[in-house]
Amino acid sequence: DSELWLARKRNAVNLMSMSSLRFMYWLEDLGSTLEDRKLNPNDYAAGGGGFPIRLKGTGVIGSICVSGLPNHLDDHQLILDTVSEYLK
């Protein structure tokens with residue numbers, strides 16, 4: 001079911017222009033859920049593993065999404081480590 005999770009994470013990043021992990025914490029800070037925001041959990045994921053690709057002066061032009069590691073924080077960390085290494 002990783003393909004389904006990838007689509008949900010990508011949808012969340014595209015909708016919110018933020019990482020899916022940040023989206024999760026944003027909802028938590030509001031005391032809100034996907035359903036409270038009228039978002040179907042079958043279509044969106046609030047958790048680690050989706051990260052926006054932002055082009056300076058343009059905005060979000062895509063996303064990097066990972067699914068399938070032991071937990072969503074590991075998915076997110078893989079993206080951070082890879083992007084950090086690439087940008088060095």
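Cut-off values and rules
- Residues numbered from 1 in each chain as written.
- Predicted model: local features only at pLDDT ≥ 70, side-chain atom pairs only at ≥ 80, totals over all residues.
- Heavy atoms only, no water.
- Helix = DSSP H or I, 4+ residues; strand = E, 2+ residues; numbered from the N terminus.
- Expected span 1.5 Å × (residues − 1).
- Buried < 20%, exposed > 50% of the residue type's maximum accessible area, 1.4 Å probe, protein only.
- Arc of directions from axis to C-beta.
- Contact = heavy atoms within 4.5 Å.

### Some remarks on helix H1 (residues 2–16)
Residue pairs three or four apart in sequence face the same way in an α-helix, which turns once every 3.6 residues.
Here comes step 1: Counted at 1.5 Å a residue, the expected span for H1 with its 15 residues is 21 Å, and the 21 Å between its end C-alpha atoms agrees.
Here comes step 2: Residues of H1 that are buried: Arg 8, Lys 9, Ala 12 and Val 13. Seen from one end, H1 has its buried residues packed into an arc of 135°, which puts them on one side. Opposite the packed face of H1, turned more than 90 degrees from it, sit the exposed residues Glu 3 and Leu 4.
Here comes step 3: Contact partners of the buried residues in H1: helix H2 (20–30), strand E1 (50–55), strand E2 (59–65) and helix H3 (72–87).
Here comes step 4: Phi turns positive one or two residues past the end of H1, at Ser 17, with a value near 55°.

### Overview of the environment of Ile 53
Here comes step 1: Relative to the elements of secondary structure, Ile 53 occurs in strand E1.
Here comes step 2: Measuring from C-alpha to C-alpha, the distance between Ile 53 and Ile 79 comes to 11 Å, with 26 residues separating the pair along the chain.
Here comes step 3: Aside from chain neighbours lying at most four places away, what touches Ile 53 is Gly 59, Val 60, Ile 61, Gly 62, Ser 63 and Ile 64.

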